[in-house]
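Secondary and tertiary structure notes
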Amino acid sequence: MSSNQAKIGKQEMEKLRSSEGGAQAVQKKKVGPIIVRVIGGLISVAYYVILLFGKYFMDPKGVFYTSLNVFSGVEKPNHWIRIASLAILTLSISFVLRFLIGRMAKNKGITQKTGVAIIELFGNFVKYAAFIVLIFLILNAVGVDTTALLASLGILSLILGLGMTSLIEDIVAGIFIIAERTFDVGDIIVLDGFRGTVVSVGIRSTKIADIGGDILTVRNSAIGSTVNLTDRTSCAALTFPIAPTESLEHVEAVIKEHFHAEEIKEKYEFMAGVPMYLGLCEITKKGVQMLLFIAGCKEEFRYDTERALYHEVKTVFDSNDIQLGYTGIDEEEEA
């Protein structure tokens, strides 16, 4: 056949994944995080119910209610109740904000203008900022002078910054990737020979998954030249070897009569363009004639389109007794 390696297309990979056993699928479900979210949601609902309506069924000046209500202004609340209240309040607000940001990331009308990566980066910022704010609120609740702490942190951050230049470089590089729209989440790119779909663009690293599900994690500062294949129609190309004894004129007459390009395009929905035969592109040392076929497609369906072309061309040649050539001898001699 051709020198191209066999590649798994998107449809075949989806079939492979769907054929996995039910037991394996159940194991992949993350039950733990779901239980934690349910418990956290129930605690949050109970917290806001007490906060809003607790004054109607408990002493509004009691230690429990005044300590739970962070806006009560009481000078000496119960520290443990106040810390629990601050944690629930901060984390619940953070969860709601990140939920809304996640919904925005799935809205195509919004992501087309801003990009998924910048929305997800903002979600990461909210998550980390919530924990930092929570830490300072807790320290303030137990009597720590946070103003003096912030001043000392300024000097500490300067010292740490000198030893964390790589982290800073990653963060800055991530900001430039998002600002310049080099690529976005969902784009298909080629990075140092690795072809895959961008899964996430984080504060420090970017994750790219290939068609097999293997994920490449790259530091943002280590990302150099990339090829973004998403914004254009790709071309699936293949070369078919014909035996030296076959007449090129006869083969091309068979292709013209039996290779129905329009019907093939209608047969395969993932083809974006009508497949074409471009002619003879190479003759090997043994006289094997290499014929070139192409078809336009979306990049995510390039492998599927190549496989479809192989099938259709091979079927035409077999039905007309056209002998294929063998290119392995030349490859062995060249090696």
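Above this text you will find the structure in question.
Right, let's walk through the structure included here. (Residues numbered from 1 in each chain as written. Predicted model: local features only at pLDDT ≥ 70, side-chain atom pairs only at ≥ 80, totals over all residues. Heavy atoms only, no water.)

1. What to know about the packing of aromatic side chains
For any pair of aromatic rings, geometry is given as the distance between the ring centres together with the angle between the planes. The final tally for this structure, using the stated rule, is 7 aromatic pairs. Look at Tyr 47 and Tyr 48: their rings are 5.1 Å apart centre to centre, the planes differ by 75 degrees, and that puts the pair in the edge-to-face class. The buried category is assigned to Tyr 47, whose relative accessible area is 3%. The rings of Phe 240, Tyr 310 and Phe 317 are connected pair by pair, giving a single aromatic cluster. The ring of Tyr 303 has Arg 195 sitting right over it, with the charged end atom 4.7 Å from the ring centre. (Phe/Tyr/Trp six-rings, centres within 6.5 Å; stacked < 30°, edge-to-face > 60°. Buried < 20%, exposed > 50% of the residue type's maximum accessible area, 1.4 Å probe, protein only. Lys NZ or Arg CZ within 6 Å of the ring centre and 35° of its normal.)

2. Some points on the nonpolar core
With 23 residues, the main nonpolar core has Phe 259, Met 271, Phe 293 and Phe 317 as its most contacted residues. Listed by contribution, the elements that provide at least two residues to this core are strand 6 (234-242), helix 10 (248-258), helix 11 (261-267), strand 8 (289-297) and helix 12 (302-319). The biggest single contributor to this core is helix 12, with 6 residues. Not counting residues up to four positions away in its chain, the partners in contact with Phe 259 are Val 254, Ile 264, Pro 275, Phe 293, Leu 309, Glu 312, Val 313 and Val 316. Counting 12 residues, the second-largest nonpolar core is a separate cluster that includes Ile 177, Ile 178, Val 201 and Val 218. (Core = buried A, V, L, I, M, F, W, Y, C linked by side-chain atoms within 4.5 Å. Helix = DSSP H or I, 4+ residues; strand = E, 2+ residues; numbered from the N terminus. Contact = heavy atoms within 4.5 Å.)

3. Details of the side chain of Ser 92
Relative to the helices and strands, Ser 92 is located in helix 5 (residues 79-106). The class for Ser 92 is buried, based on a relative accessible area of 11%. If we skip the residues at most four places from it in the chain, Ser 92 touches Ser 44 and Tyr 48.

4. Here we look at the environment of Ile 50
For Ile 50, the location among the structural elements is in helix 3 (residues 31-53). In this structure the C-alpha to C-alpha distance between Ile 50 and Leu 68, which are 18 residues apart in sequence, comes to 8.7 Å. When residues no more than four places from it in sequence are discounted, the contact partners of Ile 50 are Met 58, Phe 64, Tyr 65 and Leu 68.

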